[in-house]
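Understanding the architecture of this molecule
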Amino acid sequence: MFFCGGSIDKTETSTCMTLQHNKPTVPSLDAMHPLSPSLACGEHQSAWFVLSNNLAPLEASLVLQACAELAVLNNQNDFTIPSSELKRWRSTWSRHADESKSPTYQAAKVAISLVADLMNQGWLIRCEEETIYLCQPRASQSREEEQERIRRALAVARDEQLESQAVREFLADMEKPRPRGQCTKAHSIFSLMRDGEELALSLKNAAHSDDEKRGEDVVRRCIKPYLQFVKAKECCPHTGLKLTDIWRYFRYTWLTPSRSTPGRSMMILVRDAAAPNHAVIGIAALSSSIVQQGERDSWIGWERASLLKQLCKSPQLKDAFWLLQSLEEAICDIFWDDFKSEGVLSPEEREEPNEVVVKRLKELSIKERQLHQQRALTTQYRPQQGKEDWETLVGSPLYRSKRADALGKLLHIRAVFNRVGFTNEGLETGGTEVFINALDSGAFREVVGRLVRHVKSRRVGINMMDISVAGAIAPYNALLGGKMVSMLLTSPEVQKAYYERYHEASSVIASAMKGQPVTREPHLVLLCTTGLFSHGSSQYNRIKIRVADVAEAAPDDRETYGYHQLQHSTTYGTFHFSDATLQEMQIYLEQHFEGSEVHGIFGEGVNPKMRKIREALDLLGFPDDQLLQSGSPRSLYVVPLARNFRRILLGQESRPDYFFPHEANEPVSKATQHLVELWRTRWLFKRAKLSEVQKDVERHSLKYPASHGATVKRAPLTEGQDVLLALVTQAVLPLFDIHDGTPCEEESYDYPLVDVDAAAING
């Protein structure tokens, strides 16, 4: 075992340090340098923590020796170990763990792979005697240096993804010109890239025009953006390429790896009608919102303290009846016939609950959850969810556990409400005085906070979405195309497309809890997103839109909306755990448990990936809170789309008061073009005149040998990868204009944002 402090049993330590003879020789731990003064004192000392675990002696010895070698590499390379060295180290010590033939060797493999991930992300490692110390990357005093550190760390997982054979085959196919779909002419992804030389020439002509208005008209004609919503199996009418493949290709140019997220999603392309084949300007995606996000929830009013402050400040009968109605709706949304037939819950107990029945439901929930952990297989649930087999799902151990747990909590709230006289009858006779007296009760205030969490669960996946991807590709990024993409996400065209896609869709979890289809009006009233850096995102900053500039019948000429930055928060995330480590953790959990709490089944709970990592770390004895922190706070942005968005999200109103109603007679695309014109006026016309911007645009050429920044940068092939794939790729690339290996340099003023998983705040 590793020690967190106190005295050390030298006898046990010597046993732990006994290695098999075939293990490589590394410097003894006594020869390791102690922590340097700068790292061992003051504020830096508190940043170091001990990596302790519950490994058996042989595995503990193996990991300790591996980390000792890694610490030497860390010192020799000035705390920046080359990726090739880390790969060699991970492979070597993972092989030694396999060769150890220990019953618990998998635990050592998890630990070794985890430490390699952390070193890839710039973490520091030190070994002193029998103890391993780790330290998160510390923020640099320089804003530029800190940005570069974060970019390098994020790029590690992206490069790992680009190394996979499946991705390489996909990229090679997309870059090979051939007839596709209904198009007889040969096309590739390069057919959808705008030639920078041609665009730069148009910008120069506009800049040299003697008439400023005429020059703006030239710029207006050379870039004509519009939205295209990606649907499965649909193809581009100009090239025959599948829209999903087009979006996927350009997503690989982002700094972070492309990962699917559970729940609802909508992919968007921004096309240019002025370019050949309607070249792609940028991409965007909306995904189901992160369930837990402290700063956002407090700002909305979903956090207990903020809601109670508002209720106590101005107690009104309509809010009192809203609480009772919310509770009744939540209880009615839970199927309970089986509980009634089994004698777990009677109709009288449902109306007048007590702590006995609440305890009974809790015990049933625990029993069913244990049964689920022992028997659950993902394949048992996905077909039923896909076929909307709610009657079967509602009786499964997973949903019986969820129903018993939720119903027990809701009936506890009803019991407290009844006890303080907070009922429909009480309010009708006693009025506001009953509400005021109830708010004086600590128990009542406590359960109101719990009730609001249920209200939140009904709205968070329906009426709000996260911007998981948003940005422009070259050469449009040099023209602040990312700001235009961000502005277009607020268009009523997006709201209408989201409504049309999901207005008949059943909510999976709600339907499985009720045993019948549950559909909720998908009025999109709020967008949220996160930036890469704590100081904010230049892509979202200063985006304020005057409603009168877009809506012709605006009620107030001074009314504005836009991206609002909330306070920073400490970030918890999983992007710094590689797929290799996650696979090792999965094997470890399967070997150790008869049943796991996490099976990756939609409905088990929020963020299954993070919960699975926590489960493995806890079992190993590793400090999960420190290891799950990505090391840097991030900026958080919210974008209200309706004036009454808070009341919609709290369930107090059902019809949104949109800034730009998409029910209007005029086409929603008209508002999109108004937003495009705002972008042109505020940013494009000014940048188009700058010679340095014109040069930046011009360098993205499609002429042979091509050097275009919208091409996916290849990760170098590693030993053991498919040689045939490499030969095919090398044979295909010269056939068409393609990137010559020059790295794609993202502009700091228009940097694409990361996806939900990489930017997740508070899990």
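Just so it is clear, the model here is predicted, and its values are computed rather than measured.

Points about the overall build of the protein chain
- Of regular secondary structure, the protein chain possesses 33 helices and 14 strands.
- A burial count over the protein chain gives 55% of its 763 residues as buried.
- Taking the contacts inside the protein chain whose residues are at least 6 apart along the sequence as the reference set, 79% of them involve residues at least 24 apart.
- Accessible surface, the protein chain: about 33,100 Å² in total, of which carbon and sulfur atoms supply 51%.

Section: the environment of Ala438
- If you trace the backbone, Ala438 turns up in helix H22 (residues 432–439).
- Linking Ala438 and Val416, residues 22 residues apart in sequence, is a C-alpha distance of 9.8 Å.
- Ignoring sequence-local partners within four residues, the contact set of Ala438 consists of Val420, Phe422 and Phe444.

Observations regarding helix H6 (residues 105–120)
- Taking 1.5 Å of rise per residue, the 16 residues of H6 would be expected to cover 22 Å, and the 23 Å separating its terminal C-alpha atoms lies within 8% of that figure.
- Taking burial as the measure, the 16 residues of H6 include 14 buried ones, the bulk of the element.
- Gly122 sits one or two positions beyond H6 and adopts a positive phi of about 90°.

Focus on helix H31 (residues 668–688)
- Here H31 contains 21 residues, and its C-alpha end-to-end distance of 28 Å stays within 8% of the 30 Å for a straight helix at 1.5 Å per residue.
- Considering bend angle alone, the principal kink of H31 is centred on Arg680 and spans about 45°.
- By the burial criterion, the buried members of H31 are Val668, Ala671, Thr672, Leu675, Val676, Trp679, Arg680, Trp683, Leu684, Phe685, Arg687 and Ala688.

Some words on the pattern of salt bridges
- Inspection of every chain in the model, using the stated rule, returns 37 salt bridges.
- Among the salt bridges present, the one from Arg90 reaches Asp117, with a minimum N-O distance of 2.9 Å. Placement of the pair is Arg90 in helix H5 (residues 83–99) and Asp117 in helix H6, with a sequence separation of 27 residues.
- The exposure class assigned to Asp117 is buried, which follows from its relative accessible area of 3%.
- The partner of Asp549 in a salt bridge is Arg546, and the shortest N-O contact between them spans 2.8 Å.

Thoughts on the confidence of the model for the protein chain
- Residues at a pLDDT of 70 or more form 78% of the protein chain, whose mean pLDDT is 79.
- When the criterion is pLDDT under 50, residues 1–45 qualifies, and its contacts beyond four places in sequence or with other chains add up to 71 contacts.
- Confidence drops under pLDDT 50 across residues 718–763; counting only partners more than four residues distant or on other chains, this segment forms 140 contacts.

Section: the packing of helix H24 (residues 481–488) against H31
- Contact pair H24 / H31: the axes reach a minimum separation of 10 Å and the direction vectors enclose 150°. Comparing their axes, H31 and H24 come out roughly antiparallel. Judged by the twist between their axes, the crossing of H24 over H31 is right-handed. Here Gly481, Lys483, Met484, Met487 and Leu488 of H24 come into contact with H31, specifically with Thr672, Leu675, Val676, Leu678, Trp679 and Trp683.
- For the contact of H24 with H31, the class distribution of residues is 8 nonpolar, 2 polar and 1 charged.

Looking at the side chain of Gln694
- Structurally, Gln694 is set in helix H32 (residues 691–698).
- Other than its neighbours up to four places away in sequence, Gln694 contacts Ala200, Leu203, Lys204, Ala207, Ala688 and Lys689.

Let's talk about the pairing of strand S3 (residues 131–135)
- Burial within S3 is extensive, with 4 of its 5 residues counted as buried.
- Alignment of strand S1 (residues 48–50) against S3, held across 3 bridges, turns out to be antiparallel. Bridging from a neighbouring strand, Phe49 pairs with Leu134 of S3.
- As paired elements, strand S2 (residues 124–128) and S3 share 5 bridges and run antiparallel to each other. Paired with Leu124 across the two strands is Cys135, which belongs to S3.

Focus: the side chain of Arg459
- One can find Arg459 in helix H23 (residues 442–459).
- Although Arg459 is buried, it makes no salt bridge; Glu329 carries the closest opposite charge, 5.7 Å away.
- Not counting residues up to four positions away in its chain, the partners in contact with Arg459 are Trp302, Met464, Ile648, Leu649 and Gly651.

Looking at the sheet that holds S3
- The strand order S1-S3-S2 describes an open sheet built from 3 strands, whose pairing is antiparallel. Edge positions in the open sheet fall to S1 and S2, since each of these has one partner strand only. This sheet shows a mean twist of 30° between the axes of neighbouring strands, independent of strand direction.
- Each of S2 and S3 touches helix H4 (residues 57–76); the most contacted strand, S2, lies at about 120° to it.

Some words on the environment of Pro475
- Structurally, Pro475 is set in the loop between strand S9 (464–472) and H24.
- A relative accessible area of 0% means that Pro475 is categorised as buried.
- Residues Pro475 and His700, 225 residues apart in the sequence, show an inter-C-alpha distance of 6.1 Å.
- Once residues lying within four places of it in the same chain are set aside, the contact partners of Pro475 are Arg194, Gly196, Leu199, Val697, His700 and His708.

Thoughts on the packing of aromatic side chains
- By the definition in use, this model includes 13 aromatic pairs.
- Ring plane angle 40° and centroid distance 5.6 Å describe the contact between Phe422 and Phe435, whose orientation is recorded as tilted. Of this pair, Phe422 sits in the loop between helix H20 (397–419) and helix H21 (424–430) while Phe435 sits in helix H22, and the two are 13 residues apart along the sequence.
- With relative accessibility at 0%, the residue Phe435 sits in the buried group.
- With centroids separated by 5.4 Å and ring planes inclined at 55°, the aromatic side chains of Tyr498 and Tyr502 adopt a geometry described as tilted. Taken as a pair, Tyr498 and Tyr502 lie in helix H25 (residues 492–502) at a separation of 4 residues, close to a single helical turn. Assigned by exposure class, Tyr498 and Tyr502 land together as buried.
- Sitting above the plane of the Phe170 ring, Arg248 keeps its charged end 3.9 Å from the centroid.
- If you follow Arg646 out to its NZ or CZ, it ends over the ring of Trp299, 4.6 Å from the centre.

Let's talk about the state of the cysteines
- Per the stated rule, a full pass over the model turns up 0 disulfides.
- Of all cysteine sulfurs, the one in Cys183 lies closest to Cys236, which takes part in no disulfide; the gap is 7.0 Å.

Quick notes on unusual backbone geometry
- In this chain, Ala474 is followed by Pro475 through a cis amide linkage whose omega measures 0°.
- Even without being a glycine, Asn277 presents a positive backbone phi close to 60°.
- Of note, Asn277 is situated in the loop between strand S7 (265–272) and strand S8 (280–288).
- Look at Arg542: it is not a glycine, yet its phi comes out positive at around 70°.
- Tracing the backbone through its elements, the reader meets Arg542 in the loop between strand S10 (526–530) and strand S11 (544–546).

Criteria and thresholds
Residues numbered from 1 in each chain as written. Predicted model: local features only at pLDDT ≥ 70, side-chain atom pairs only at ≥ 80, totals over all residues. Heavy atoms only, no water. Helix = DSSP H or I, 4+ residues; strand = E, 2+ residues; numbered from the N terminus. Buried < 20%, exposed > 50% of the residue type's maximum accessible area, 1.4 Å probe, protein only. Contact = heavy atoms within 4.5 Å. Areas by Shrake-Rupley, 256 points an atom, 1.4 Å probe, with all protein chains shown as cover. Expected span 1.5 Å × (residues − 1). Bend = angle between axes of the 7 residues up to and from the residue. Salt bridge = Lys/Arg side-chain N within 4 Å of Asp/Glu carboxyl O. pLDDT = per-residue confidence, 0-100. Axes fitted to C-alpha atoms, helices over the stretch in contact; angles between N-to-C directions. Parallel < 35°, antiparallel > 145°, perpendicular 65-115°, else oblique. Left-handed = near helix turned anticlockwise from the far one by under 90°. Nonpolar A, V, L, I, M, F, W, Y, C, P; charged D, E, K, R; others polar. Pairing = 2+ DSSP bridges. Lys, Arg positive; Asp, Glu negative; His and termini not counted. Phe/Tyr/Trp six-rings, centres within 6.5 Å; stacked < 30°, edge-to-face > 60°. Lys NZ or Arg CZ within 6 Å of the ring centre and 35° of its normal. Disulfide = S-S within 2.5 Å.

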